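Listed here are the chains, written in short residue letters.
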Amino acid sequence: MKAADIREEAEAATFRVRQPHLDRLLALGVPGRAIAELGSRQIPFGVGHVERIERGLYQPGEGPLHVLSPVYADGEVIDIVAWRSDAPANWAWRTGLGWALGTDELSQLSEYWPGDPPLQLHATPLDWLRAGGTGMCILDWEADELESLRGLNAIEADEWIAMRLHKALSKPRRLPTIIKRKAVRYAA
């Protein structure tokens, strides 16, 4: 699936948002201002019926209505994550390429600076939306990109996410088999 197709799908989902969808999010603690602030920076969210398929993926279909959050990398929509407002910790990906919501914020904190504020990690896409799309929500805890968090000054998260992050970053790094080659002498 092309990046342009993913962006078109995310934009189409945004146009399906109606007042009852907004009312539901407001009732779940998402401030209207947070939606507006996120919408000023990117496609905030959409809605659509999805069918979950294998490997944590989904496709548009006749299934239940989900909130659709676009996943960005370097300013481009690379994936969409679908989640239900009554179960925000259970999501599915459209392409499987998105490892976290809010990764563009990482580029601003990419190197260790003692004065940097801590990166806020949120447990679910709903929590991330409540925060106006600031900070990050890790979607794939097995992603190689998690290593990029090691270079940050500080990360703030609730207890469960902090423990999960500590466990993920404490895993030993895999090394390839290194074969020492014997020196080859060339005759002159």
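In case you missed it, the structure is sitting above this.
This section reports on the structure supplied with the text.

Digging into the side chain of D79
No. 1: Within the fold, D79 resides in strand β3 (residues 76-84).
No. 2: R94 provides the closest opposite charge to the buried, salt-bridge-free D79, at an N-O distance of 7.1 Å.
No. 3: Engagement of the side chain of D79 in a polar contact is seen with the backbone nitrogen of G96, the distance being 2.9 Å.
No. 4: Apart from the residues within four sequence positions on either side, D79 is in contact with I6, S69, P70, V71, W93, R94, T95, G96, L97 and G98.

Let's talk about the pattern of salt bridges
No. 1: One pass over the full model with this rule turns up 7 salt bridges.
No. 2: The salt bridge partner of R33 is E37, with a shortest N-O separation of 2.8 Å. Remark: E37 and R33 occur in helix α3 (residues 32-41); sequence separation between them is 4 residues, near one turn of the helix.
No. 3: By relative accessible area, which is 65% here, R33 ends up exposed.

Quick look at the layout of surface pockets
No. 1: For the largest pocket, the calculated volume is near 250 Å³.
No. 2: Together, 15 residues line the largest pocket, and R41, Q42, D104, E105 and G133 are the ones closest to its centre.
No. 3: Listing elements by their share of the lining of the largest pocket, those giving two or more residues are α3, β2 (58-73) and α4 (104-108).
No. 4: Considering only residue class, the lining of the largest pocket consists of 6 nonpolar, 6 polar and 3 charged.
No. 5: There is about 210 Å³ of room inside the second largest pocket.
No. 6: Along the walls of the second largest pocket sit W141, E142, A143, D144, L146, E147, A168, L169, K171, P172 and R173, which together make up its complete lining.
No. 7: A per-class count over the lining of the second largest pocket returns 6 nonpolar, no polar and 5 charged.

Things to note about the environment of W141
No. 1: Tracing the backbone through its elements, the reader meets W141 in the loop between β7 (136-138) and β8 (155-156).
No. 2: With 41 residues separating them in the primary sequence, W141 and A100 have C-alpha atoms 9.0 Å apart.
No. 3: Non-local contacts of W141, meaning those with residues more than four positions away in its chain, are made with L146, I161, R164, L165 and A168.

Section: the packing of aromatic side chains
No. 1: Counted under the stated rule, the structure contains 0 aromatic pairs.
No. 2: Across from the ring centre of Y58, 5.8 Å away, lies the NZ or CZ of R94, which sits over that ring.

A closer look at the pairing of β3
No. 1: Relative to β3, β2 runs antiparallel, the two being bridged by 7 bridges. Residue pairing in the sheet places V71 in a bridge with D79 of β3.
No. 2: The loop that links β2 with its antiparallel partner β3 comprises 2 residues; one of these, D74, has a positive phi angle of about 55 degrees.
No. 3: Note that β3 and strand β4 (residues 87-93) share 4 bridges and pair antiparallel. Along β4, the bridge assignment pairs A82 with A92.
No. 4: Connecting β3 to the antiparallel partner β4 that follows it, the hairpin turn spans 2 residues.

The rules we used
- Residues numbered from 1 in each chain as written.
- Predicted model: local features only at pLDDT ≥ 70, side-chain atom pairs only at ≥ 80, totals over all residues.
- Heavy atoms only, no water.
- Helix = DSSP H or I, 4+ residues; strand = E, 2+ residues; numbered from the N terminus.
- Buried < 20%, exposed > 50% of the residue type's maximum accessible area, 1.4 Å probe, protein only.
- Lys, Arg positive; Asp, Glu negative; His and termini not counted.
- Salt bridge = Lys/Arg side-chain N within 4 Å of Asp/Glu carboxyl O.
- Polar contact = N/O pair within 3.5 Å; in protein donor to acceptor, adjacent residues only side chain to side chain.
- Contact = heavy atoms within 4.5 Å.
- 1 Å grid on protein atoms, 1.4 Å probe; cavity = no way out; pocket = protein on both sides within 12 Å on 5 of 7 lines; lining within 4 Å.
- Points joined across faces, edges and corners; volume = space filled by probe spheres on them.
- Nonpolar A, V, L, I, M, F, W, Y, C, P; charged D, E, K, R; others polar.
- Phe/Tyr/Trp six-rings, centres within 6.5 Å; stacked < 30°, edge-to-face > 60°.
- Lys NZ or Arg CZ within 6 Å of the ring centre and 35° of its normal.
- Pairing = 2+ DSSP bridges.

Such coordinate-based values are descriptive only and should not be taken to indicate function.
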